Amino acid sequence: MNVKDFDFDLPQELIAQDPLLDRSSSRLLVLDKQTGEIKHKHFRDILSYLKEGDCLVINDTKVIPARLFGVKEGTEAKIEILLLKRRENDIWETLVKPGKKAKEGTVISFGDGLLKGTVIDVVEEGNRLIQFSYDGIFEEILDQLGQMPLPPYITHQLQDKNRYQTVYAKHEGSAAAPTAGLHFTKELLEEIETKGIIIARVTLHVGLGTFRPVKVDEIESHHMHSEFYVVEESEANKVNDAKKNGGRIICVGTTSCRTVESASTEEGILKAGSGWTEIFIYPGYRFKTLDCLITNFHLPESTLVMLVSALAGREHVLHAYHEAIKERYRFFSFGDAMFLADLQEN
């Protein structure tokens with residue numbers, strides 16, 4: 001399957017630069033994954049599509065201020081790093097710009113020496129392993145010096161850093177937000193629970209793998225970066241019980257989807273546990289646990305468009321994207337949302 005099969009033309013002005021004041025007032029394109037039928041709604045209307053006994057799976061990861069700006073000791077050259085994965089002994093896998101200034105042995109100073117990092121290795125894709133040294137608590141220093149790692153298509157910093165967090169963010173570790181969850185308010189989640197929908201929480205720390213561009217022509221040759229996930233036993237039980245009782249499993253975002261599918265048996269039983277996943281979902285994949293998906297609109301030729309196409313069919317998805325462009329929907333992280341389901345079940 002060729003990467004160009006997932007291309008589409010997106011006008012630059014449809015890329016959302018700021019979140020809406022009311023998270024749940026974004027638009028919602030509802031797509032019947034069987035027929036391709038489309039309905040135009042608002043996100044708070046999601047309530048009418050959820051039924052008692054359904055299970056909504058959310059990713060409660062929390063974005064860390066993972067972008068740091070420093071200088072190379074000795075030359076004062078400016079260096080930017082993005083924290084990707086925490087290793088042991090204060091070592092992080094990082095993305096460094098410009099990489100040519102960060103050879104092994106390079107020492108980078110942040111915040112006038114409040115934090116220092118030494119490049120100890122160059123690994124896959126040119127990422128750097130950096131060992132940090134500091135006095136105090138790393139998370140507090142990071143909160144003081146770091147910036148939220150907004151995607152490159154967002155051209156300015158946020159006034160309120162919390163708008164790049166879901167209202168249920170809990171476990172720190174992501175280099176990017178699970179953006180489908182940004183549409184939920186605490187009030188909407190309470191209404192959902194009151195209606196008898198079960199909410200299960202899983203954790204996947206979003207890294208580079210979710211956003212890394214596909215650089216090969218044939219998508220089957222693409223390799224995903226690994227991302228760390230956790231499924232607690234209590235939450236696995238919620239999903240399995242809902243499934244057993246005839247409820248639908250509705251994942252909020254591609255990260256929740258990838259977690260559930262990574263941790264499920266071929267029979268669709270979600271297993272508690274933790275680990276690293278490199279799962280790559282594209283058309284032809286057979287979903288084991290997930291039934292429906294709430295997601296944002298994604299970049300052309302991205303692994304995320306491929307995942308959505310695996311659920312609803314490439315033709316249906318690309319037609320929905322063209323409709324969204326025609327109707328001037330807002331795209332990407334702070335944009336509008338889609339709900340992919342079998343509407344005949346509603």
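Everything numeric here is computed off the predicted structure, so don't read it as measured data. Throughout, a residue's number is its position along its own chain's written sequence, starting from 1. Local features in this predicted model are restricted to residues whose pLDDT is 70 or higher, and side-chain atom pairs enter the listing and the counts only when it is 80 or higher, whereas totals over whole chains, interfaces and linings include all residues. Only hydrogens and water are removed before side-chain values are computed, so all heavy atoms of the structure are retained for them.

*Asks:* What am I meant to see in the overall build of the protein chain here?
*Replies:* Starting at the N terminus, helices and strands are each numbered in turn, a helix being any DSSP run of H or I of at least four residues and a strand any DSSP run of E of at least two. Secondary structure assignment for the protein chain yields six helices and 17 strands. At 20 Å, the protein chain has a C-alpha radius of gyration in line with the 20 Å of a compact globule built from 346 residues. C-alpha extents for the protein chain along the principal axes are approximately 65 × 45 × 40 Å. Each of the 346 residues in the protein chain was classed as buried or not, and the buried ones make up 56%. The atom set for the radius of gyration is the C-alpha atoms, and the globule formula is 2.2 Å times the number of residues raised to the power 0.38. Relative accessibility decides the category of a residue: with a 1.4 Å probe and only protein chains considered, values under 20% of the type maximum give buried, values over 50% give exposed, and everything between is partly exposed.

*Asks:* Got a minute to help me understand the pairing of strand β5 (residues 67-72) in this structure?
*Replies:* Across a regular strand the side chains alternate sides, sitting on one face of the sheet and then on the other. Whether two strands pair depends on DSSP finding at least two bridges between them. Sheet topology places β5 next to strand β6 (residues 78-86); five bridges connect them, and they run antiparallel. Directly across from F69, in β6, lies its bridge partner E80. The turn linking β5 back onto β6 is made up of five residues, and G74 within it adopts a positive phi angle of 105 degrees. Sheet analysis places β5 next to strand β8 (residues 107-110), joined by three bridges and oriented antiparallel. Across the sheet, the residue bridging to V71 is S109, located in β8.

*Asks:* Explanation requested: the nonpolar core in the structure shown.
*Replies:* One broad trend across soluble globular proteins is that nonpolar side chains are buried collectively. The biggest cluster of nonpolar side chains holds 66 residues, and the ones touching the most others in it are L29, L31, V57, Y164, L293 and F331. Excluding anything up to four places from it in sequence, L293 contacts C251, G253, T254, C257, L307, V308, L311, M338, F339 and L340. Only buried Ala, Val, Leu, Ile, Met, Phe, Trp, Tyr and Cys residues count toward a nonpolar core, and they belong to the same one when joined by side-chain atoms within 4.5 Å. Counting 25 residues, the second-largest nonpolar core is a separate cluster that includes F184, I197, I250 and I294. Residue contacts follow a heavy-atom distance rule, with two residues in contact if any of their heavy atoms lie within 4.5 Å.

*Asks:* Is there a simple way to think about the sheet that holds strand β10 (residues 128-134) in this case?
*Replies:* Sheets are built from strands paired through backbone hydrogen bonds, the pairs being either parallel or antiparallel. The sheet built from six strands closes into a barrel, its strands ordered β5-β6-β7-β10-β9-β8 with antiparallel pairing. Strand-to-strand twist in this sheet, taken as the mean axis angle between neighbours without regard to direction, amounts to 45 degrees. Running over the sheet, helix α1 (residues 138-145) touches β5, β6, β7 (91-97), β8, β9 (115-122) and β10 and is turned about 140 degrees from β6. Here an axis means a line fitted to C-alpha atoms, over the contact stretch when the element is a helix, while the angle between two N-to-C directions is reported on a 0 to 180 degree scale.

*Asks:* How should unusual backbone geometry be read in this particular structure?
*Replies:* Negative phi values dominate among residues other than glycine, just as trans dominates among peptide bonds. The residue after K97, namely P98, is reached through a cis peptide bond having omega -10 degrees. Mapping P98 onto the fold places it in the loop between β7 and β8. Although it is not a glycine, E301 adopts a positive phi angle of roughly 60 degrees. Position of E301 among the secondary structure elements: in the loop between β16 (292-296) and α5 (303-312). A relative accessible area of 17% means that E301 is categorised as buried.

*Asks:* Sorry, what's going on with the packing of aromatic side chains here?
*Replies:* Centre distance and the angle of the planes are the two values used to describe a pair of aromatic rings. Ring geometry is summarised as follows: Phe, Tyr and Trp rings, the Trp one being its six-membered ring, pair when their centres sit within 6.5 Å, and such pairs are stacked at plane angles under 30 degrees, edge-to-face over 60 and tilted between the two. All told, the structure shown has 18 aromatic pairs when counted by the stated rule. Plain terms: the ring middles of Y285 and F287 are 5.0 Å apart, the flat faces sit at 85 degrees to each other, and that makes the pair edge-to-face. Residue class for F287 comes out buried when judged on its relative accessible area of 16%. Seen in terms of ring centroids, Y321 and F331 are 5.9 Å apart; in terms of plane orientation they differ by 75 degrees. Their pairing is edge-to-face. Of this pair, Y321 sits in helix α6 (residues 314-326) while F331 sits in the loop between α6 and β17 (337-341), and the two are ten residues apart along the sequence. Overall, Y321 belongs to the buried group, its relative accessible area being 0%.

*Asks:* Explain the state of the cysteines to me, please; I cannot follow it from the model alone.
*Replies:* Disulfide: a covalent bond formed between the sulfur atoms of two cysteine residues. In what follows, a disulfide is any cysteine sulfur pair within 2.5 Å. Counting across every chain of the model gives zero disulfides. In this model C55 remains outside any disulfide bridge; the closest cysteine sulfur is found in C251, 8.4 Å from its own. C251 takes part in no disulfide bond, and the closest cysteine sulfur to it belongs to C257, at a distance of 5.5 Å.

*Asks:* So what exactly am I meant to see when it comes to the sheet that holds strand β3 (residues 55-59) here?
*Replies:* The nine strands lie next to each other as β2-β1-β17-β16-β14-β3-β12-β13-β15, forming an open sheet whose pairing is mixed. Across the chains shown, the open sheet's two edge strands, defined by having one partner strand only, are β2 (38-42) and β15 (273-277). Direction aside, the axes of adjacent strands within the sheet are offset by 25 degrees on average. Relative to β15, strand β13 (residues 227-231) runs antiparallel, the two sharing five bridges. Directly across from V230, in β15, lies its bridge partner S274. Against the sheet, helix α3 (residues 233-244) touches β3, β12 (198-204), β13 and β14 (249-252), its axis set at about 130 degrees to β12. Sitting on the sheet, α6 touches β1 (27-32), β2, β16 and β17, and the angle it makes with β1 is about 150 degrees.

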